[in-house]
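Residue-level listing of the chains:
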Amino acid sequence: MKKNYTYVLIAFIFLASVFLRLDNLLWETYGYGEMEIKEVVDSYLKGNFVNNYYLFDTPPLGKYLFTLSAILFGSTEFGLRIVSVIFGILTVIAMLFFTKKLYDTKLAILAASLTGFSIIHLQFSRYAQVETILSFLYIAIIYFLWSMTENNGKYDFLLLGASLGLALSVKFTSVIMLVIAVAYLLYTRHIKLSIKPNFSISIQNNVLKALAVAFVMFMILWPFGLQRLHTEANITVDYGDVSRSQTVAADVPIMVMSFFRRIFSSVGEAVPHSLAMGTPVINYVLLYLTKEFMLIIPMIIA
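How each quantity is defined
- Residues numbered from 1 in each chain as written.
- Predicted model: local features only at pLDDT ≥ 70, side-chain atom pairs only at ≥ 80, totals over all residues.
- Heavy atoms only, no water.
- Patch = residues over 30% accessible without salt bridge, like charges linked within 9 Å, V, L, I, M, F, W, Y side chains within 5 Å.
- Areas by Shrake-Rupley, 256 points an atom, 1.4 Å probe, with all protein chains shown as cover.
- Salt bridge = Lys/Arg side-chain N within 4 Å of Asp/Glu carboxyl O.
- Helix = DSSP H or I, 4+ residues; strand = E, 2+ residues; numbered from the N terminus.
- Buried < 20%, exposed > 50% of the residue type's maximum accessible area, 1.4 Å probe, protein only.
- Contact = heavy atoms within 4.5 Å.
- Pairing = 2+ DSSP bridges.
- Phe/Tyr/Trp six-rings, centres within 6.5 Å; stacked < 30°, edge-to-face > 60°.
- Lys NZ or Arg CZ within 6 Å of the ring centre and 35° of its normal.

Peer 1: What's the story with a nonpolar patch on the surface in this structure? I'm lost.
Peer 2: Taken together, the side chains of Val 182, Leu 186, Leu 193, Ile 195, Phe 199, Ile 201, Ile 203, Leu 208 and Leu 211 define a hydrophobic patch exposed on the protein surface, amounting to about 810 Å² of accessible area. Secondary-structure elements contributing two or more residues to the nonpolar patch are helix 9 (175-187), strand 2 (200-203) and helix 10 (205-221). Its place among the elements puts Ile 195 in the loop between strand 1 (191-194) and strand 2. Classification of Ile 195 by relative accessible area gives exposed; the value is 66%.

Peer 1: Sorry if this is basic, but what is going on with the pattern of salt bridges here?
Peer 2: What the rule picks out here adds up to three salt bridges. Linking Arg 81 and Glu 34 is a salt bridge whose minimum nitrogen-to-oxygen distance equals 2.7 Å. Of this pair, Arg 81 sits in helix 4 (residues 77-102) while Glu 34 sits in helix 2 (residues 32-45), and the two are 47 residues apart along the sequence. Owing to a relative accessible area of 0%, Arg 81 belongs among the buried residues under this scheme. Close ionic contact of Lys 171 with Glu 131 constitutes a salt bridge, the shortest N to O distance being 3.0 Å. You can see Lys 171 sitting in the loop between helix 8 (156-170) and helix 9 and its partner Glu 131 sitting in helix 7 (residues 131-150), a full 40 residues away along the chain. Taking the relative accessible area as the measure of exposure, Lys 171 reaches 24% and is therefore partly exposed.

Peer 1: Hey, could you run me through the side chain of Thr 132 in this one?
Peer 2: With respect to the element layout, Thr 132 can be found in helix 7. Setting aside anything within four residues of it in sequence, one finds Thr 132 in contact with Val 83, Ser 84, Phe 87, Gly 88, Thr 91, His 121, Phe 124 and Ser 125.

Peer 1: Can you walk me through the pairing of strand 2 in this structure?
Peer 2: Residues in a regular strand project their side chains so that they alternate between the two faces of the sheet. In this structure, strand 1 lies alongside strand 2, joined through four bridges in antiparallel fashion. Looking at the pairing, Ser 194 lines up with Ser 200 of strand 2. Two successive antiparallel strands, strand 1 and strand 2, enclose a turn made up of five residues.

Peer 1: Explanation requested: unusual backbone geometry in the structure shown.
Peer 2: Across residues other than glycine, the phi torsion is negative in most instances, and most of the peptide bonds are trans. Non-glycine residue Asn 24 carries a positive phi angle of around 50°. Along the chain, Asn 24 falls in the loop between helix 1 (2-22) and helix 2. Phi angles above zero are rare outside glycine, and Asn 152 is one such case at about 55°. By the secondary structure assignment, Asn 152 is in the loop between helix 7 and helix 8. Its relative accessible area of 54% is what places Asn 152 among the exposed residues.

Peer 1: Even after reading the chapter, I still don't get the packing of aromatic side chains, so can you show me in this structure?
Peer 2: One pair of aromatic rings is described through two measures. These are the centre distance and the angle between the planes. Taken as a whole and judged by the stated rule, the model has 13 aromatic pairs. On the numbers, 4.7 Å between centres and 40° between planes, the contact of Tyr 44 with Phe 49 is tilted. A centroid spacing of 6.3 Å and a plane angle of 65° characterise the contact between Phe 98 and Phe 144, whose relative ring orientation is edge-to-face. One end of the pair, Phe 98, is in helix 4; the other, Phe 144, is in helix 7, with 46 residues separating them in the sequence. Residue Phe 144 is classed as buried on the basis of its relative accessible area, which comes to 15%. Aromatic ring contacts, followed pair by pair, group Tyr 44, Phe 49, Tyr 64, Phe 172, Phe 218, Trp 222 and Phe 224 into a single cluster. Across the ring face of Tyr 127, the terminal group of Arg 81 is positioned such that the distance to the ring centre comes to 5.6 Å.

Structural data, given as structure tokens:
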């Protein structure tokens with residue numbers, strides 16, 4: 001009976017997660033961020049993979065997926081948002097199975113519930129954005145990283161490298177997962193650093209192979225990333241009461257431009273805010289706590 005109850009609970013979490021992500025998916029037209037994705041998709045459908053700002057705004061894998069969906073379902077709100085819905089649901093499933101593998105069924109159900117009913121994750125799952133794709137890949141990276149270090153499975157390095165390469169091919173901010181992986185590998189002694197008597201570094205073969213797979217995967221998925229585009233930027237730096245400006249004009253590879261694009265952009269007029277909200281990490285934490293408070297706190301208490 002207890003086992004049947006567990007299956008019923010898992011089924012409820014899954015069906016509720018699907019319903020909350022699919023219900024009334026067309027309730028509003030495209031948002032601003034979705035219009036960027038749509039512009040890319042329309043350009044990809046015409047065979048234009050280079051000459052458009054939003055084409056090199058981020059790496060292309062997410063855009064490939066949205067374009068494929070547009071071919072299957074049309075370049076419409078549903079045709080684009082269904083990608084986020086699918087990966088949102090896959091994230092819930094991955095969280096359930098991976099947590100069960102690492103811990104037990106009770107914690108797996110709790111983790112899947114927190115993910116399935118998360119307000120932020122529900123929002124991302126209902127808009128044409130790449131965040132749910134990343135959430136699925138991040139879970140895969142963490143799991144295969146753990147499996148490679150703990151179980152040393154035959155293909156764990158391949159799956160870890162593939163997951164990392166796919167995540168980097170969706171958004172450059174995924175480099176944080178590379179940093180986390182390196183930190184964890186240092187902790188598990190799969191990467192060893194020595195300063196005395198001489199500086200040395202030792203990296204296990206499966207780690208090197210995983211990094212090689214990630215690099216190859218990234219380059220294969222962005223074949224036009226090394227193509228150069230002419231770029232001009234006006235850079236102004238304030239030194240107290242003195243401002244210094246410089247104009248930069250160069251032919252820059254698309255992937256370099258994509259990685260450093262925020263350096264050559266400006267917010268415009270200053271936006272007043274408190275010190276806490278002006279700190280990105282604190283800002284995200286406060287946003288998360290505000291949106292999730294009504295759901296997470298009762299579940300933790302229960």
